[in-house]
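Inside the fold
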Amino acid sequence: MTTTSPEAVKKLVDNMQADLRLLSMECKKKFPPVKEAAESGIVKIKTVVVRNTNILAALKEHSSEVVQPFLMGCGTKEPKITQLCLAAIQRLMSHEVVSEAAAGNIINMLWQLMENGLEELKLLQTVLVLLTTNTVVHDEVLSKAIVLCFRLHFTKDNITNNTAAATVRQVVTVVFERMVAEDKQFKGVEEQPQPVQGNTSRRSVSTLRPSAKDAYMLFQDLCQLVNADAPYWLVGMTEMTRTFGLELLESVLNDFPEVFLQQTEFCFLLKERVCPLVIKLFSPNIKFRQGGGGAASPAATEKPYFPICMRLLRVVSVLIKHYYSLLVTECEIFLSLLVKFLDGEKPQWLRAVAVESIHRLCVQPHLLRSFCQSYDMKPHSTKVFRDIVNALGSFIQSLFIAPSTGSPAPSGASSGVSALGGQAAAQGGPGVGAASGALSPQAAFEYRGTWIPLVTVSVQGSTKATYLEMLDKVEPPSIPEGYSLSVAFGALLDLVRGITSMIERELAQEEKEKEEDEEYEEASQTCSEAPLSQETVNQTQDLTDEREPTSRLVWEEMVNTCWCGLLAALSLLLDASTDESATESILKAELTMAALCGRLGLVTPRDAFITAICKASLPPHYALTVLSSSATSLSSKAYSIQGQSVQMISPSSESHQQVVAVGQPLAAQPQGTVVLTAKNIQCMRTLLNLAHCHGAMLGTSWQLVLATLQHLVWILGLKPGTGGALKPGRAVEGPSTVLTTAVMTDLPVISNILSRLFESSQYLDDVSLHHLINALCSLSLEAMEMAYGNNKEPSLFAVAKLLETGLVNMDRIEILWRPLTGHLLEVCQHPNTRMREWGAEAVTSLIKAGLAYKHDPPLGQNQRLQQLLLSPLRDLSDIAHPDIRQKQLESVLQILQSQGDGLGPGWPLVLGVIGAIRNDQGESLIRTAFQCLQLVVTDFLPTMPCTCLQIVVDVAGSFGLQNQELNISLTSIGLLWNISDYFFQRAEAIEQELDREEALLQKQAQERGVSLHRPFHPAPPFDCLWLCLYSKLGELCVDPRPAVRKSAGQTLFSTITAHGTLLQTSTWHTVVWKVLFHLLDCVRNSSTTADKEKIESGGGNILIHHSRDTAEKQWAETWVMTLAGVARIFNTRRYLLQSLGDFCKAWEVLLDHIQSAALSKNNEVSLAALKSFQEILQIVTPAKDPERPDSLAVMGVPILAETMPTPIPGRPLAQADLVAERLARREGAEPQPQAPPPADELEDSALWWAAWNTWYRTGMESTRPPGPGHKLTFIPSQPFLTALVQIFPTLYQHIKASFSMEDLQKLGMILHGAVSVPISSDASPFILPSYTEAVLTSLQDVVLAALDVLQKAICVGPENMQAMYPAVFEQLLRFVEFSCKPPQYGMLETKHVANAKYNQIQLFAPAEWVALNYVPFAERSLEIVVELYQKTACHKAVVSEKVLQNVIKTLRIPLGLKYACPSESTWKLAVSSLLKVLSVGLPVARQHASSSKFDTMWPELAAAFEDFLFTKSSPPDNLSSQEFRKNEMIDVEVVQLISTEILPFASFIPKDFVGQIMAMLNKGSIHSQSSSFTEAEIDIRLREDFSKVCFETLLHFSFSGKVATPQEGYISRVALSVLLKRSQDVLRRYVEDERLSGHCPLPRQQVTEIIFVLKAISTLMDSLRKTQPENIDENTWAQVIALYPTLVECITCSSSEVCSALKEALGPFKDFMQPPVTKVQNGES
């Protein structure tokens, strides 16, 4: 219900009437005038009510009259009446029915009451109601009312005083509120202010409206009063206190700032009156230095007076807060004063209230910003903002350092780590119940023994001051311990919070505007009316440009100004804090400051704050260079506050914190252990938080942050796991790392945050990311340096985190790849194993991740990125450490398995890595690398570019050449075979791709003006690929290991054979010269220089066969294989090779190789060389006569049956070069003529003659015996010689057309030499037949076969060839001589097996060399001679060259030796051969008797007969009589030949010869013992039949009557007479001996002799009977008859044999026992 509603009005009227009635009642007796007035008042009211509709307005009009009775009532001074009146007046006032005049009357009445001291409280109430309900009171009336209240304030009554004070305050407020209301009312009206006249102390207020004027006057007088001056307007003031005045001033200033800010008059008051007043009142506080002195009284102004000082500070706070913009200069003074009040010399209470005041400023960041702008940024101005911050800092510092302020640490908390205390402090709990009387730990700061509790002062961000509100205190209060510190602490935190949030907000706003501008700009550029919009943009741009630097400069200045002080204070507090939440606040402040500095790009302060957090994270005095260096740079920024130097405070040594971990420091030489407290861990979390949330602005500070984290992680024992995440390690470090359960639960969280921190690096911009990477790299470098020289566990933090960072930033990996991998590669070279291992882990993980990542565009299309990602993999190859290479190769294997198909252009690099093997690397490395290669060859050849195939070949080759693992070498050769198969299968595709690539390269090379370089240029690229394969296999063929050589050789020749058809003809030139001959040269050189030292075993327990137990023998095998392979290629590809042009030269080179191999001192090589020789000689010329069967086979020439083994088991050689196929291939190109042109033939014959020369040289060299002074080095083996000779027939077929006599002689020399070579006694049992079998050795066989071929060729050859017969005979006869005269091999001492005729061969004879058994060979040669002679006896050349004579001459040797012949068969054969030859040859000789061609033959023949029939050798003792008889029969045959073939034709025969024959027969017929016989001859058995035949022949010839010359007759007669005389002697001696011996038998030989003599006599008698008597001379008869008596004397002999012989001898005498018809005496009848 409002006061204007009809009900309210009615009630008012009723109440007033009631009041007046009551008043009249009360005054009826004592105060009649009053009664009357009251009654008339009732009438008046009634009248007004009746007359007016608007009762209230009418009442107000007549209010003076209405109020009058009540005023009179008050004048009675009767309490009851006064109270009633005042109540009534108040009711009127509240209904606003008091006019201005009435109000004046009321005030006057109230003044009287006041002066009389009546109803003081009621008075105050009435004044208040009057002033608050109405605006009618102005000017003097108002001033009187206010003074009334002031007067009441200074009464003796406390209640009145206080009520009055409150009323004054309210009244002052009302005055100003009226002014504000008035201003609002006139707001719209424009006024023309009058110009101000002068500048007097009392300014003209005529321009002000009423309420404003009242307010002005009031405020002016308040200033006067506080300044102890007389008021201008408040007339009647008797008493006033400064404290109350200051309070009133403060409330007005605080409540009505707009009044002062808008009205110039009030502004003037502020500047001219208030500020000077404040400064004046402050002076005692400024001058005061704390000494002694008790409580201050108002009078003693020199001392600071708490109530005034405190109120002044309140006023100052208000002035600064609201009027800073008006009072810039004044505020500078106030602020400087404030700062000074914090001085240590000021009283405690003064410092406390000053801190509270400063706190009030600290929560107003915009104000602080203004300070900075107005003072700190102005050149010659006080640095107010800096001073405030520094003052707070040094204030806090002074509290800890000044011993009098803080209390010593309480005993309960001194040990900080005590079970209850420490735990609660660490957990920031409210404290543990003090059941046992222990102190509840309280939040506090403790530093160097000073313990200051932390009091809860105010909620963060508000400034509820304690001492600034103590308006009732007159005495300075005692400040509780820790209060000031707590306020200062709060102020610092609020300051930081305010500044940072303000700047961050503005920064965000600015960024937003910038973005909008940019968007606008983009939009405007796309817009059609571009010029106009551009202009607009430029304008906005200018605006922002103008505005931006200023605001940014201010922010930077604010931070630059305050950071030092802040950091000093916060660091100290952080160090001293024992409370978790306090620590948290400090850390948060440092963190936000660091972040802000970072955003503003202020590096030094940013680093300083971060360093502080870092230091706090680490144990005290922890030596960490990064931090100490940045700290020193800061400590040089010491700054001073009023002469007091504030330094960066070093951490206190004693920790009052709960220890949660003990670990080892991360240092090169760790000294002892270090402890981590709960606070350290808390700081570490802050550090993580900083890095996580503000990573983008850390820049170079990453170094600090990460270094610290690394050390903490190390102390906590966190070790990196897969992907770089850190996990709590096992207690690797031994007992030194101790973790409490509290921290154990934290560790996974910490490690998780750490990982998230690096994961969040993906949100950093590129520059920040680089900073992070650089920091990690330099950390890692430090860790590497520390790990040098010891194998202690290194810190892997940096490496692990580099890996983690790389993995999460794969999408922009290009920008960080080089620095990242570059550094990790350095790590990989570190000597510390663990460090290296992690470096490799990181590099390989990154590469694998990079390749697996789905890049955009994909790697396949971004070759540069792929190369970039793979290049570190290649760089790892340069690192010698095997563990790194192992890791590298394992990752290559994984990459192949996962991304092999997509490598594309990356293949060369991957293959390079696989192939980067060295022999100094271990087996396992090579094995892993080889696995990769195998995978490539089996799975990826089709997917890689063909240009990489050559690299695959090279890599496979390099595995073959490594010497660590033989099996790998062998397998890699298998891979090369597989690769060649692949080439073969996909030949067309590969060729096309390579040609395309080649064309491209050629084009590029031409553009650059250079020539194209690649191996084997200018062969086509596909052929080059093959050549690379061949040359690689060629390299392997000369590997030091025999197994590798063998395998490589087989593979090389197999691939050339199988796939050679793919090569272009011109390429074959390269194959022959660069591959095959080059290989042969290398093998030859290696073989000739190989070591002859015996190799004991082949490694392990492998035994080596004696044929391979030296390097030389092992190389021999290689040589054999290589030569055979090349020869086979020449054989199978002859026609292809012949088309090359320099085939002749190649042929000669091949022959040269064959020759040098054949002449090598190794039997295996030499023999194989000959086999290869044979192979290339069996090349037929199929173009001429394809149907003709192999001519050699037809002629029966033995061909070596043994061929070379098939190169690779299960893979037969492709018979690619067969004739038909070759012809078919050539038909396409050029039709083959039926008969080759003569040039071809010439070339062919040149080839064969080259072969002949080679054969000849080889034969000569190999069969040449060692000279006299030469030490025997090498004697060729039988199989070798056999093979050598075996080649001749084949070769002869090609050269027979031009085979000359000279060549035949050469052949002879070689055959003779070959047969002469002895064999080693070791080999003899395998070559020599046991003596019982007379067999030819294979060598002898082929020698004869060679001559046989020749002889047959001569036979059918032209005339000129037949002249070679004698030479053939000569050769054969030389061989015949071997039967008796084995050939001598130089000066070599040999043992002739023939000497051991009847014994088995003595295997271990002392001689080293055994000559062959030449007997069978010589005998076979003899048989051939006989056969040949039988065919060719009449041949002109045979006759003219005296072949027969030579045959006889040769036969003389065995015939002469007879029993002395090495073999019995020899002379028997010689005899039979002689007989056969003579039977053919004698008729020829007789035919040519006239010519002298045979003259020399006869003496030779005679000598031969003589030597044989009368041999000087005696028969062996063990010869049986049967054998003897047989041998005698041979002699008889010879004599018979003489009697049938020679003697009958004596007329054609030279006489000398006949004479010799007769003498021989004579000799043969005399077979008795005579004095002429030597003693030795006695043993010779008597050849009775032989003698008989000789005798008979002799007699027959003697008495034949065909004596050509008397000489012959004489010879025979003499011979006969000698015979008879000898017989006479023998008989006589026998008779005599018989007689003497008595009964003893005579010696056997004597008996034999007598029997022979008797038989001879009987033979003679027989002959005489048959002969014509006229042919016998007298003398003979006389001698014969003279024998008779002697014969008769023998009759007495006792031997029956003699007797029977005697009978036979005596018998024939009967024929002559008759008287002769004519008596002849002395030749006359």
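Bear in mind that the values here come from a model prediction, so they are computed numbers and not experimental data.

The next point concerns the packing of helix H14 (residues 306–323) against helix H15 (residues 328–341). Axis angle and axis distance: for two packed helices, these are the angle between their axes and the distance between the axes, and together they describe the pair. Taken N-terminus to C-terminus, the directions of H14 and H15 make an angle of 135°; their axes are 10 Å apart at the nearest point. Between H14 and H15, the interaxial angle falls into the category oblique. H14 and H15 meet at a crossing whose hand is left-handed. Contacts from Leu-313, Val-316, Leu-319 and Ile-320 of H14 reach H15 at Cys-331, Phe-334, Leu-335, Leu-338 and Phe-341. Considering only residue class, the contact of H14 with H15 consists of 9 nonpolar, no polar and no charged.

Together, Glu-515, Glu-516, Glu-518, Glu-519 and Glu-522 make up a region of like negative charge exposed at the surface. Take Glu-519: it is sitting in helix H21 (residues 483–526). Under the relative-accessibility criterion, Glu-519 is labelled exposed at 51%.

The subject of this paragraph is the packing of helix H28 (residues 741–759) against helix H30 (residues 797–808). Between H28 and H30, the least distance of the axes is 8 Å, while the angle of their chain directions is 50°. As far as their axial angle goes, H30 and H28 are oblique. Each of Leu-754, Ser-755, Phe-758 and Glu-759 in H28 lies in contact with H30, whose residues at this interface are Phe-797, Lys-801, Glu-804, Thr-805 and Val-808. Among the residues forming the contact of H28 with H30, the class breakdown is 4 nonpolar, 2 polar and 3 charged.

Once that is clear, we can look at the pattern of salt bridges. For the structure shown, the criterion picks out 35 salt bridges. Where Arg-864 meets Glu-814, a salt bridge forms, and the shortest distance between an N and an O atom there is 2.3 Å. Of this pair, Arg-864 sits in helix H33 (residues 863–875) while Glu-814 sits in helix H31 (residues 813–828), placing them 50 residues apart in sequence. Judged by its relative accessible area of 55%, Arg-864 falls in the exposed class. Overall, Glu-814 belongs to the partly exposed group, its relative accessible area being 32%.

Turning our attention to the confidence of the model for the chain. Confidence in the prediction of the chain, expressed as mean pLDDT, is 77, and 81% of residues score 70 or more. In the model of the chain, helix H20 (residues 419–427) stands out as the element of lowest mean pLDDT, 36, in contrast to helix H38 (residues 966–985), which has the highest, 92. Across residues 195–203, where pLDDT falls below 50, the model places 11 contacts with residues more than four positions away in sequence or in other chains. Note that residues 731–735 has pLDDT below 50 and, in this model, 5 contacts with residues that lie over four places away or in other chains.

With that out of the way, let us pick up the pairing of strand S6 (residues 659–663). Of the strand pairs in this sheet, S6 and strand S7 (residues 674–677) are connected by 4 bridges, and their pairing is antiparallel. By the bridge assignment, Val-659 is partnered in S7 with Thr-677. Sheet analysis places S6 next to strand S10 (residues 738–739), joined by 2 bridges and oriented antiparallel. By the bridge assignment, Ala-661 is partnered in S10 with Leu-739.

The next thing to look at is the packing of aromatic side chains. All chains considered together, the criterion is met by 42 aromatic pairs. An angle of 25° between the planes, with centres 5.4 Å apart, marks the rings of Trp-1252 and Trp-1255 as stacked. Residue Trp-1252 and its partner Trp-1255 are located together in helix H49 (residues 1238–1263), separated by 3 residues, close to a single helical turn. One exposure class covers both Trp-1252 and Trp-1255, and it is buried. Lys-719 extends its terminal NZ or CZ atom over the ring of Trp-714, reaching a point 4.9 Å from the ring centre.

Because side chains alternate across strand S3 (residues 450–453), one face comprises the buried residues Thr-450 and Ile-452, and the other comprises Trp-451 and Pro-453, equally buried. Inspection of the sheet shows strand S2 (residues 444–447) paired to S3 by 4 bridges, in the antiparallel sense. Among the inter-strand pairings, Phe-445 is bridged to a residue of S3, identified as Ile-452. The antiparallel pairing of S2 with S3 creates a hairpin that spans 2 residues between the two strands, and Arg-448 there sits at a positive phi of about 50°.

Glancing now at helix H45 (residues 1143–1158). With 16 residues, H45 ought to run about 22 Å at 1.5 Å a step, and its terminal C-alpha atoms sit 22 Å apart, in line with that. Among all positions in H45, only Phe-1143, Ala-1146, Trp-1147, Leu-1150, Leu-1151, His-1153, Ile-1154, Gln-1155, Ala-1157 and Ala-1158 are buried.

On to the sheet that holds S10, then. In spatial order, the strands read S7-S6-S10; together these 3 strands make up an open sheet with antiparallel pairing. The open sheet has two free edges, formed respectively by S7 and S10, since each of these has just one partner strand. Docked against the sheet, helix H26 (residues 678–694) engages S6 and S7, running at close to 70° with respect to S7.

Quick look at the state of the cysteines now. A complete count under the given rule lists 0 disulfides for this structure. Sulfur of Cys-1082: no disulfide; nearest cysteine sulfur belongs to Cys-1037 and is 9.9 Å away. Classification of Cys-1082 as partly exposed rests on a relative accessible area of 23%.

This part is about the nonpolar core. Core analysis: the biggest nonpolar cluster contains 496 residues, and Phe-176, Phe-371, Leu-754, Leu-896, Ile-914 and Phe-1505 have the highest contact counts within it. Per-element tally for this core: the top contributor is helix H22 (residues 530–576), with 15 residues. Excluding anything up to four places from it in sequence, Phe-176 contacts Ala-215, Leu-218, Phe-219, Val-252, Phe-256, Val-259, Phe-260 and Phe-266. Counting residues in hydrophobic clusters, the runner-up holds 31 residues, among them Phe-1591, Tyr-1630, Val-1653 and Met-1661.

Tracing the backbone shows Ala-1489 in the loop between helix H59 (1464–1487) and helix H60 (1497–1509). Owing to a relative accessible area of 35%, Ala-1489 belongs among the partly exposed residues under this scheme.

The next thing to look at is H15. Look at H15: 20 Å from first C-alpha to last across 14 residues, which is about the 20 Å you get at 1.5 Å a residue. Along H15, the residues that are buried comprise Glu-330, Cys-331, Glu-332, Phe-334, Leu-335, Leu-337, Leu-338, Val-339 and Phe-341.

Between Asp-856 and Pro-857 the backbone carries a cis peptide bond, its omega angle lying at -5°. Considering the arrangement of structural elements, one finds Pro-857 in the loop between helix H32 (833–852) and H33. Positive phi, close to 55°, is recorded for Lys-1442, a residue that is not glycine. Structurally, Lys-1442 is set in the loop between helix H57 (1436–1440) and helix H58 (1443–1457). A positive phi angle is found at Lys-1458, which is not glycine, with a value near 45°.

Cut-off values and rules
- Residues numbered from 1 in each chain as written.
- Predicted model: local features only at pLDDT ≥ 70, side-chain atom pairs only at ≥ 80, totals over all residues.
- Heavy atoms only, no water.
- Axes fitted to C-alpha atoms, helices over the stretch in contact; angles between N-to-C directions.
- Helix = DSSP H or I, 4+ residues; strand = E, 2+ residues; numbered from the N terminus.
- Parallel < 35°, antiparallel > 145°, perpendicular 65-115°, else oblique.
- Left-handed = near helix turned anticlockwise from the far one by under 90°.
- Contact = heavy atoms within 4.5 Å.
- Nonpolar A, V, L, I, M, F, W, Y, C, P; charged D, E, K, R; others polar.
- Patch = residues over 30% accessible without salt bridge, like charges linked within 9 Å, V, L, I, M, F, W, Y side chains within 5 Å.
- Areas by Shrake-Rupley, 256 points an atom, 1.4 Å probe, with all protein chains shown as cover.
- Salt bridge = Lys/Arg side-chain N within 4 Å of Asp/Glu carboxyl O.
- Lys, Arg positive; Asp, Glu negative; His and termini not counted.
- Charge placed at Lys NZ, Arg CZ, Asp CG, Glu CD.
- Buried < 20%, exposed > 50% of the residue type's maximum accessible area, 1.4 Å probe, protein only.
- pLDDT = per-residue confidence, 0-100.
- Pairing = 2+ DSSP bridges.
- Phe/Tyr/Trp six-rings, centres within 6.5 Å; stacked < 30°, edge-to-face > 60°.
- Lys NZ or Arg CZ within 6 Å of the ring centre and 35° of its normal.
- Expected span 1.5 Å × (residues − 1).
- Disulfide = S-S within 2.5 Å.
- Core = buried A, V, L, I, M, F, W, Y, C linked by side-chain atoms within 4.5 Å.

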